[in-house]
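Report on the structure
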2 protein chains.
Amino acid sequence: MASAGHQPPSAVSVAGGFVALDWGTTSLRAARLDAQGRVLDEHHSDDGILQVPFGGFPQVFAAAVDRWQLPPGTLCLASGMVGSRQGWIEAPYCPCPADFRAVAGRIAWVPDAPGGLRVGIVPGLCTEERDVPDVLRGEEVQVFGALDLLGLHEGVFVLPGTHSKWVRVSQGRIATFATFMSGEVYALLRRHSILGRTLPADEGPLDEPAFLRGVRHAREAGSLLHGAFSARTLALFARLPDAALPSYLSGLVIGEELRAQPLQQRSAKLVLVGAHALTRRYQLALTAYGAQASTLGDEATWRGLAALAHTLESP
Amino acid sequence: MASAGHQPPSAVSVAGGFVALDWGTTSLRAARLDAQGRVLDEHHSDDGILQVPFGGFPQVFAAAVDRWQLPPGTLCLASGMVGSRQGWIEAPYCPCPADFRAVAGRIAWVPDAPGGLRVGIVPGLCTEERDVPDVLRGEEVQVFGALDLLGLHEGVFVLPGTHSKWVRVSQGRIATFATFMSGEVYALLRRHSILGRTLPADEGPLDEPAFLRGVRHAREAGSLLHGAFSARTLALFARLPDAALPSYLSGLVIGEELRAQPLQQRSAKLVLVGAHALTRRYQLALTAYGAQASTLGDEATWRGLAALAHTLESP
């Protein structure tokens, strides 16, 4: 891993546009944006950081942006696991509470980036509760983008996924957050547990009644350790058709994530950020809890990186 | 699978002793008992029902009891997954609430068992709460054995394992029970999740402080989906040595199982039944909840089968 500094090599200008990269564990998304942050072109690949060979980050990066023939000095901002210890350069976690400027000030700059480009890597965030730390990388940019897109300064932002993040924003700052291993635990139960034996290999379309039944049972069961077993017994007694089991199990896991939230006490606005297929499930589940949320798609990432780019230009 | 009846072929006598079998998914334990239920000889093998080839149950059974040269007509009682749909013959679940006699009356008798032996298979139990069934097989015998050994008619019996069972006994009957997939989820997180990357391959001895820290965090986290991520972040920030992580994760999972129990409201006696290595962990975790339990080892299985044998002799 190369060493990095927190100062950009020289004054930043995005007058000619810039590049945004969402570089995670399993995929790389890159976008060419104009000065106003509008997406001109976008490109996806499977070159997540786990696929990059040792010392291979400059090459993979160059290949991803090569199509745009960027002039030297162009700003390229990357967020996600690319800033982790296993990434290109480490961008140490920024402690919460953190606002926009705090994060911008801790961007790690890649020394001697390919093509004379200015490559900055956005740090993730860390928080701590009762001596237990929690971390995120990439979601901070999505939350800042969502704040910008919705004109909000307060709220609870839910970013569902392999590791779902519940992020609390207060006065424009990320106050704290919590990770839930929902997507990963769903996959574990589906692929490696005894429940997998009765679940069809094919995920199939969402069966809403089965999904909502799972959400309800999660609430009643009080723990997924108990609730998950119902996916087996309902199959055993033919109370649910096998084809409905993946939706039911998904409801159990998402329902468990919601059970652990103080949804009833919360007056803060709830915003779901992510791909539609997933945010739709969370919206369905939230209705079972009498809660409502607005949703945003992946555009929040580009908006967040654009807002950071503008902060860098006029700090 | 052979068909079975609920009537023993003729009057049962255990005057010459009998044989007890604990025949589960991955192992087979068999014991020769005298008329009073004392163990004369015991034998273990890996011939769990998943290892038995199609149609192979009579042969595996005969090989297990052959050493004792049993006279024809000797009673052999088996409990566990051998009575499941994947077992020798299916012994349909007995519905809760169920006492000793109800279970004895639903023993499934193997027709034409090897050597003219009288082979009975103890049914498991089923219960239902809010339209969701739950099941167990084998633990019913352990609970009946524990009641007999301790002279109890009431209590909550905890049988930790791959699928832990919390069994509530009232007036000598098993009133209801609940399954927790604790052992299985621990193995999934350990072997297949992102947490496995920082956990040492070797389980190592129990690190009590790390275990109890996991138990406490499970209680605070409110859901294992959230709490489990702390095994990653504590490793990431070097707050726990890698060698302590298996104990910490075990504390998180067992702590989650306890979090979901109404331990504070409970006045009923709590009894842990199982192998010492596991019941010791549950006792440690229970102390963190201010609860106490007595413990019993695997002798409860033989005692339960002996008590059933005597019930059959003089119904």
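Note on numbering: residues in each chain are counted from 1, in written sequence order. Here chains are named by letter from A upward and ligands by number from 1 upward, in the order in which they appear as written. Given that this is a predicted model, residues contribute local features only at a pLDDT of at least 70 and side-chain atom pairs are listed and counted only at 80 or more, while totals for whole chains, interfaces and linings are drawn from all residues.

1. Quick word on the interface of chain B and chain A
Contact between two residues is assigned when their C-beta atoms, built from the backbone, lie within 7 Å. Taken together, the 35 residues of chain B in the interface contact 35 residues of chain A. Of the residues forming the side of chain B that touches chain A, the biggest block, five residues, is contributed by helix H4 (residues 182-192) of chain B. Amino acids are sorted into nonpolar (Ala, Val, Leu, Ile, Met, Phe, Trp, Tyr, Cys and Pro), charged (Asp, Glu, Lys and Arg) and polar (every other residue, Gly among them). Taken together, the residues of the side of chain B that touches chain A break down into 17 nonpolar, eleven polar and seven charged. We count a stretch as a helix when DSSP gives it H or I for four or more residues in a row; a strand needs E for two or more, and each element gets its number in order from the N terminus.

2. What about the domain arrangement of chain A?
Residue and element names in this part refer to chain A. An automatic or database domain assignment supplies the start and end points of every domain. Examined at the domain level, chain A breaks down into domain 1 (1-124) and domain 2 (138-301). Facing 13 residues of domain 1, the contacting portion of domain 2 comprises ten residues. Residues of the side of domain 1 that touches domain 2, tallied by class, amount to seven nonpolar, four polar and two charged.

3. Quick notes on the sheet that holds strand E8 (residues 125-129) of chain A
All names here are of chain A. Any two strands are treated as partners once DSSP identifies two or more bridges connecting them. One open sheet holds the three strands; their spatial order is E5-E8-E9, and the pairing between them is mixed. Each end of this open sheet is capped by a strand with a single partner; those strands are strand E5 (94-95) and strand E9 (132-136). In the sheet, E5 pairs with E8 via two bridges, with the strands oriented parallel. In the sheet register, Cys-94 faces E8, and the bridge partner there is Leu-125.

4. Structural notes on the packing of helix H8 (residues 245-259) of chain A against helix H9 (residues 276-288) of chain A
All names here are of chain A. Where helices are involved, their axes are fitted lines through C-alpha atoms of the stretch in contact, as for all axes, and angles between N-to-C directions lie from 0 to 180°. Packing of H8 against H9 leaves a shortest axis separation of 10 Å and a crossing angle of 65 degrees. With respect to their mutual orientation, H8 and H9 come out roughly perpendicular. The chirality of how H8 crosses H9 is right-handed. Each of Ser-250, Gly-251, Ile-254, Gly-255 and Leu-258 in H8 lies in contact with H9, whose residues at this interface are Arg-281, Tyr-282, Ala-285 and Leu-286. When an angle is under 35 degrees it counts as roughly parallel; over 145 it counts as roughly antiparallel; between 65 and 115 it counts as roughly perpendicular; any other value is oblique. The handedness criterion is simple: a crossing whose near helix is rotated anticlockwise from the far helix by less than a right angle is left-handed, and one whose near helix is rotated clockwise is right-handed.

5. Re the pairing of strand E3 (residues 39-45) of chain A
All names here are of chain A. Three exposure classes are used, based on other C-beta atoms lying within 10 Å of a residue's own C-beta, which is placed from the backbone: buried for 20 or more, exposed for 12 or fewer, and partly exposed in between. With zero of seven residues buried, E3 lies mostly on the surface of the structure. Note that strand E2 (residues 28-33) and E3 share six bridges and pair antiparallel. Looking at the pairing, Arg-29 lines up with His-44 of E3. Counting the residues between successive antiparallel strands, the hairpin from E2 to E3 contains five residues, one of them, Gly-37, with a positive phi of roughly 90 degrees.

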